[in-house]
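In case you want the letters, here they are:
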Amino acid sequence: MPNNTSSAVETGANRTPRRRRETQTYRTWRQFRRHRTGLFGLSIIFTLMLIAVSAPLIAGNQPIACHFDGQWHFPALVDVANKIPFLSFVLNKSKPFRFAGFDAKTAVGDDESAIWPVVRYGPLETTSDGLARPSREHWLGTDEVGRDLLARLVHGAVVSVKVGVVSMGIAAVLGVLLGGAAGYFGGWTDALISRLIEVVMCFPVFFLILSIMVWIEPDINNVMVVIGLTRWTGIARYTRAEFLRLKSQDFVAAAVVSGAGPLRIMLRHLLPNAMSPLWGTIAFGMAQAVLTEAGLSWLGFGVQWPEPSWGNLLRSAFEHRGVAPAMIAGPSVAILLTVLAYNLVGDALRDATDPKRAATP
Amino acid sequence: MTGAVKSTLHDSESALVAVRDLKKHFPMRRRFASEGADHIKAVDGVSFDIPAGRTLGLVGESGSGKTTVGRSILRLIEPTAGEILFDDVNVLALRGRALRGVRRQMQMVFQDPVASLNPRMTAAEIVGEGLQVHRVARGRDLRERVAGLMRRVGLSADDMDGYPHVFSGGQRQRIGIARAIALDPRFIVCDEPVSALDVSVRLQILNLLDDLRRERGLACLLITHDLTVVRRFCDDVAVMYFGRIVETGSAENIFANPRHPYTKALLSAVPVPDPDSRTRRFVLPGEVPDPLNPPSGCPFHPRCPFAVDRCRTDIPDLISWSGAAPRHRTACHYADQDLPLPVTVSAP
């Protein structure tokens with residue numbers, strides 16, 4: 001027992017425990033913290049999410065702040081704000097910058113009263129300089145129609161983050177609901193859901209998505225939904241097993257005696273205790289989802305050209321590998337790092353939430 | 001009021017809790033038809049009464065069915081047959097709201113102080129759950145009540161926001177007791193409340209339970225295998241063996257005048273805290289029978305030093321015998337003969 005309070009004389013009201021209010025979540029974090037690789041992965045994921053959220057501030061053809069026409073404008077900031085739901089009132093701000101064909105670069109110029117993103121090119125902005133090598137102007141070079149590759153890479157991160165979060169969000173909700181129902185109710189419900197899990201597990205996800213994309217519009221949102229609808233089985237199996245284990249515990253019996261109903265028992269007693277092993281599974285699933293999306297976009301079934309995604313960046317790099325071999329570096333390193341980071345975090349989470357492994361560093 | 005049954009054998013008028021012919025059979029999956037019984041009879045026809053404010057000690061080896069009886073009363077396990085009368089209402093016939101109403105008056109203290117507290121809830125949430133579910137109190141009122149309960153069981157109210165893992169075993173059991181008395185029940189099942197605790201804190205917990213019981217007039221079913229606990233804290237005793245009660249009566253009578261050979265063997269095994277004492281001890285041969293192949297006749301006969309042919313064929317009833325004290329009943333054909341146990345070991 002790692003948390004023995006080691007009081008020699010037990011007087012009930014003694015004051016031995018130090019971290020009285022320490023929650024389970026905090027204890028998990030303490031375990032997680034000891035994993036250097038896990039922390040490394042977590043920092044990559046945080047950086048990636050930060051990049052995805054603030055993409056227009058890092059790469060874009062709109063200034064972050066500028067003095068124009070006797071007024072201050074923040075067009076790139078407005079772009080970021082517009083992504084946040086319920087913040088649409090800022091939509092109309094910085095009007096001149098919203099008009100199609102308005103070229104902020106020439107209009108504002110290299111005025112000192114403007115703050116520009118690090119990369120002054122938008123992800124869709126073409127230049128006359130096609131398939132350029134990496135240079136001071138284009139850090140990662142340009143593609144066949146002269147788009148800045150770094151700008152496309154930064155904006156491609158949005159898709160990768162979204163795919164991981166949204167598809168695994170759908171999968172987690174489905175998996176917890178179905179697995180929880182199977183574990184709690186047992187009997188016929190369990191038999192039915194368990195068979196369904198086995199059937200869905202047999203689907204080859206990638207080819208299922210491919211065949212679905214033939215029939216419906218190849219769109220990233222559809223991809224996310226299909227990944228979510230097929231990747232919930234692992235989570236469901238974990239939840240079912242945990243619910244089965246937990247429902248025979250005495251604290252559940254105590255809750256029943258106290259008059260708690262099935263809903264309260266599931267939400268208050270079973271789910272919080274069943275969640276911890278799920279986080280690792282969810283992290284691994286996110287890595288899988290990122291890979292799936294990249295693969296689909298590579299084949300042309302995911303994010304549609306010219307919208308950037310790491311998968312289709314890789315595709316165009318592949319097509320021009322003879323002329324511009326450096327193109328391949330950006331997207332491949334990005335995919336590698338992201339998948340690695342999710343897997344490292346998953347590993348660390350699994351160790352941190354596993355009571356048997358918690359003792360080993 | 002469904003199933004209110006008056007028994008001629010028991011004085012159910014005065015009983016708060018009355019258990020009548022309780023049976024719990026667990027089905028077994030057999031590979032071959034010849035493989036013995038297809039049910040394990042964990043509890044096989046148990047009856048007893050607990051009057052308001054009194055404590056019944058349910059004693060027996062592990063596997064004798066004590067815990068199954070305790071959990072059946074609270075309907076944590078659905079019994080196969082029998083009746084459980086609480087205030088003359090058959091608890092087994094209740095459902096939904098009516099069941100919740102009765103359950104509120106019956107609570108349980110569990111054996112394992114680790115497994116019986118949800119690690120994701122604070123002490124205050126655990127203790128206050130019943131009050132919250134039954135809408136007795138909420139908000140500040142709830143917190144005040146919980147603080148009062150914490151203090152009553154000897155914990156500091158400052159500890160109420162701690163999670164179970166910061167408490168010691170004895171403190172956790174105190175939280176479990178606070179939870180059990182939160183709804184002001186009239187009956188508590190204590191399932192081995194101290195067997196998972198350090199010897200040094202056992203007595204404190206038992207004394208706390210005893211104080212609460214007296215103070216609130218609680219009826220109590222104390223499930224234990226420790227006869228010294230029974231002697232000190234129980235009014236009545238029921239000794240279980242192999243799913244049946246083999247001897248029952250007032251604690252005084254059972255300890256002074258045990259008549260079932262099993263009870264005698266149990267009592268002779270009680271350690272005496274005196275280094276000079278040289279009690280003659282009888283060590284029970286063999287083990288509890290295999291429930292898949294129950295012995296014929298008296299279930300105790302394979303281990304009984306007095307077993308004769310009749311014991312191998314006839315199952316003895318739990319009945320009074322000539323010269324028995326009131327309520328003293330024994331399931332032995334030769335209860336009236338008070339046979340002395342042979343000595344197998346001279347205990348040091």
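Residues numbered from 1 in each chain as written. Chains lettered and ligands numbered in written order. Predicted model: local features only at pLDDT ≥ 70, side-chain atom pairs only at ≥ 80, totals over all residues. Heavy atoms only, no water.

1. Here's the deal with the sheet that holds strand 8 (residues 219-224) of chain B
Residues and elements named next belong to chain B.
Thought 1: Spatial strand order, 6-7-8-3-9-10-12: seven strands in an open sheet with mixed pairing. Edge strands, defined here as strands with exactly one partner in the open sheet, are strand 6 (106-109) and strand 12 (329-330).
Thought 2: As paired elements, strand 10 (residues 244-250) and strand 12 share two bridges and run antiparallel to each other. Within the sheet, the bridge partner assigned to Glu247 lies in strand 12 and is Thr330.
Thought 3: Each of strand 6 and strand 7 (187-191) is contacted by helix 5 (residues 169-181), which is oriented at about 175 degrees to strand 6, the strand it contacts most.
Thought 4: Docked against the sheet, helix 9 (residues 261-268) engages strand 9 (236-241) and strand 10, running at close to 105 degrees with respect to strand 9. (Pairing = 2+ DSSP bridges. Helix = DSSP H or I, 4+ residues; strand = E, 2+ residues; numbered from the N terminus. Contact = heavy atoms within 4.5 Å. Axes fitted to C-alpha atoms, helices over the stretch in contact; angles between N-to-C directions.)

2. Focus: the domain arrangement of chain B
Residue and element names in this part refer to chain B.
Thought 1: On domain assignment, one finds that chain B holds domain 1 (15-28 + 37-105 + 185-346) and domain 2 (119-177).
Thought 2: Roughly 1,000 Å² is buried in total at the junction of domain 1 and domain 2, and carbon and sulfur atoms are behind 62% of that figure.
Thought 3: When the buried area of domain 1 at its contact with domain 2 is split by residue, Arg100, Arg104 and Leu208 rank highest and sum to 41% of it.
Thought 4: Linking domain 1 with domain 2 are one salt bridge, by the criterion used here.
Thought 5: The residue Arg152 makes a salt bridge to Glu215 at a minimum N-O spacing of 2.6 Å.
Thought 6: The tally of links between domain 1 and domain 2 comes to three residue pairs in polar contact (both at pLDDT 80 or more).
Thought 7: Sorting elements by how many residues they give to the side of domain 1 that touches domain 2 places helix 6 (residues 199-216) first, with nine residues. (Domains from an automatic or database assignment. Buried area = accessible area lost by both parts, 1.4 Å probe. Salt bridge = Lys/Arg side-chain N within 4 Å of Asp/Glu carboxyl O. Polar contact = N/O pair within 3.5 Å; in protein donor to acceptor, adjacent residues only side chain to side chain.)

3. Re the packing of aromatic side chains
Thought 1: All chains considered together, the criterion is met by seven aromatic pairs over all chains.
Thought 2: Where Phe206 of chain A meets Phe207 of chain A, the ring centres are 6.1 Å apart and the plane angle is 80 degrees; that geometry is what we call edge-to-face.
Thought 3: Both rings, one in Trp298 of chain A and one in Phe318 of chain A, keep their centres 5.4 Å apart while their planes meet at 55 degrees; by these two values the pair is tilted. Taken together, the positions of Trp298 of chain A in helix 13 (residues 276-299) and Phe318 of chain A in helix 14 (residues 310-319) put the pair 20 residues apart, joining distant regions of the chain.
Thought 4: Site record: aromatic cluster; members linked through ring pairs are Tyr241, Tyr262 and Phe300 of chain B. (Phe/Tyr/Trp six-rings, centres within 6.5 Å; stacked < 30°, edge-to-face > 60°.)

4. Quick word on the domain arrangement of chain A
How big an interface is tends to be stated in terms of accessible area lost as the parts join.
Thought 1: Taken domain by domain, chain A holds domain 1 (61-116) and domain 2 (151-353).
Thought 2: Inter-centroid distance (C-alpha atoms) of domain 1 of chain A to domain 2 of chain A is 36 Å.

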